[in-house]
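Now for the letters of each chain:
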Amino acid sequence: FLGTFLILVFGTASVAQKVLSGGDLGSALSIHLSWGLGVTFGIYASAGVSGAHLNPAVTLAFAAFRGFPWRKVPTYVLAQTAGAFAGAAVTFVTYREAFSAFDGGARQVAGEKATAGIFATYPQPFLSAVPGGFVDQVVGTALLLLVIFALGDRRNAGPTSGGPVLVGALVVLIGMTFGFNAGYAINPARGLGPRVFTAMAGWGSDVCRAGGGWWWVPLVAPCLGGL
């Protein structure tokens with residue numbers, strides 16, 4: 001919960017700062033760095049207790065290929081999703097007056113004053129759910145798990161220290177190379193928790209209808225990419 005919370009609170013706040021300031025206080029680079037650093041500090045905050053499982057796709061992959069107990073998977077996924085929900089909620093509460101100044105209190109999923117994308121990933125207008133978005137997120141998550149497994153494989157020349165920094169750098173790299181289509185949706189908890197929050201906090205059911213019913217792709221495709 002805590003590790004995923006840290007990813008979301010720093011990541012969504014970086015997007016909020018850019019969007020709500022009209023682009024004056026933020027850039028694509030600052031957003032990528034914030035998500036990567038959020039991952040790094042989320043790992044440091046949670047590795048000793050949970051092994052730093054901050055992503056349901058990672059948990060599933062470790063259960064399938066690294067002996068993680070399957071009986072723990074549902075609890076971990078629930079905690080990750082709740083942490084993501086809480087991270088989004090803290091960003092919204094902190095920036096609530098800035099949201100109102102930006103959109104006049106009319107929460108929008110699409111359009112010039114859209115703010116739902118601060119919290120959850122949405123596709124570019126040209127991107128299809130299948131195969132476009134599905135392929136995009138399978139590839140991104142597969143690359144994430146490939147490198148995580150490589151870094152932790154004792155048969156490789158892996159790092160003796162600084163693993164969390166390298167995983168954070170990996171997230172930055174994926175964002176800078178595969179972020180255009182749909183915001184590098186490589187974490188199902190990051191897709192579900194904040195989307196549930198925005199549905200409850202004023203954006204309504206449009207968060208599920210946007211992109212032609214896009215909402216299920218960031219939940220299913222990353223899990224398949226991890227496997």
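None of these values were measured; they are calculated from a predicted model. (Residues numbered from 1 in each chain as written. Predicted model: local features only at pLDDT ≥ 70, side-chain atom pairs only at ≥ 80, totals over all residues. Heavy atoms only, no water.)

1. So, the nonpolar core
Step number 1: If you look at the biggest cluster of nonpolar residues, it comprises 40 residues, and the most contacted ones within it are Trp35, Leu144 and Trp203.
Step number 2: Contact partners of Trp35, with chain neighbours within four places excluded, come to Ile7, Leu8, Gly11, Thr12, Ser14, Val15, Val171, Tyr184 and Arg190. (Core = buried A, V, L, I, M, F, W, Y, C linked by side-chain atoms within 4.5 Å. Buried < 20%, exposed > 50% of the residue type's maximum accessible area, 1.4 Å probe, protein only. Contact = heavy atoms within 4.5 Å.)

2. Considering the environment of Arg209
Step number 1: With respect to the secondary-structure elements, Arg209 resides in helix H9 (residues 206-213).
Step number 2: Sequence spacing of Arg209 and Val109 is 100 residues, and the spatial spacing of their C-alpha atoms is 9.5 Å.
Step number 3: There is a polar contact of 2.8 Å between the side chain of Arg209 and the side chain of Ser205. (Helix = DSSP H or I, 4+ residues; strand = E, 2+ residues; numbered from the N terminus. Polar contact = N/O pair within 3.5 Å; in protein donor to acceptor, adjacent residues only side chain to side chain.)

3. A closer look at helix H4 (residues 73-94)
Step number 1: In this model, H4 (22 residues) spans 32 Å end to end at C-alpha, consistent with the 32 Å of a helix rising 1.5 Å per residue.
Step number 2: Within H4 the residues assigned to the buried category are Val73, Tyr76, Gln80, Thr81, Gly83, Ala84, Ala86, Gly87, Ala88, Ala89, Thr91 and Phe92.
Step number 3: Summarising the contacts, the buried residues of H4 are in contact with helix H1 (2-20), helix H2 (28-50), helix H3 (56-65), helix H5 (96-103) and helix H8 (188-203). (Expected span 1.5 Å × (residues − 1).)

4. Some points on the packing of H2 against helix H7 (residues 163-178)
Think of two packed helices as two axes; the pair is described by the angle between the axes and how far apart they sit.
Step number 1: Orientation of H2 relative to H7, taken along the N-to-C sense of each, is 150 degrees, at an axis distance of 8 Å. Relative to H7, the element H2 lies roughly antiparallel. In this structure, the crossing between H2 and H7 has a hand that is right-handed. Mapping the contact onto sequence places Leu29, His32, Leu33, Trp35, Gly36, Val39, Thr40, Ile43 and Tyr44 in H2 and Pro164, Val165, Val167, Gly168, Val171, Val172, Gly175 and Met176 in H7.
Step number 2: Here the contact of H2 with H7 is composed, by residue class, of 12 nonpolar, five polar and no charged. (Axes fitted to C-alpha atoms, helices over the stretch in contact; angles between N-to-C directions. Parallel < 35°, antiparallel > 145°, perpendicular 65-115°, else oblique. Left-handed = near helix turned anticlockwise from the far one by under 90°. Nonpolar A, V, L, I, M, F, W, Y, C, P; charged D, E, K, R; others polar.)

5. Considerations on the packing of aromatic side chains
Here the distance between the centres and the angle between the planes together describe a pair of aromatic rings.
Step number 1: Counting across every chain of the model gives 13 aromatic pairs.
Step number 2: Ring centres 6.5 Å apart and planes at 65 degrees place the aromatic pair Phe92 and Phe119 in the edge-to-face group. Within this pair, whereas Phe92 is found in helix H4, its partner Phe119 is found in the loop between H5 and helix H6 (129-152), the two being separated by 27 residues in sequence.
Step number 3: By way of ring pairs, the aromatic residues Phe85, Phe92, Phe99, Phe119, Phe197 and Trp203 are connected into one cluster.
Step number 4: For the cation-ring pair, Arg66 lies above Phe149, with the distance from its terminal atom to the ring centre recorded as 4.3 Å.
Step number 5: Above the plane of the ring of Tyr122 lies Arg195, whose end atom (NZ or CZ) is 4.8 Å from the centre. (Phe/Tyr/Trp six-rings, centres within 6.5 Å; stacked < 30°, edge-to-face > 60°. Lys NZ or Arg CZ within 6 Å of the ring centre and 35° of its normal.)

6. A word on the pattern of salt bridges
Step number 1: The full count for this structure, using the stated rule, is three salt bridges.
Step number 2: One salt bridge connects Arg155 with Asp153, and the closest N-O pair in it is separated by 3.2 Å.
Step number 3: Taking the relative accessible area as the measure of exposure, Arg155 reaches 77% and is therefore exposed.
Step number 4: Residue classification places Asp153 among the buried residues on the basis of a relative accessible area of 18%.
Step number 5: Between Asp206 and Arg209 there is a salt bridge; the shortest N-O distance is 2.4 Å. Of this pair, Asp206 and Arg209 both sit in helix H9, separated by three residues, roughly a single helical turn.
Step number 6: Overall, Arg209 belongs to the exposed group, its relative accessible area being 52%. (Salt bridge = Lys/Arg side-chain N within 4 Å of Asp/Glu carboxyl O.)

Read these as spatial facts, not as claims about activity.
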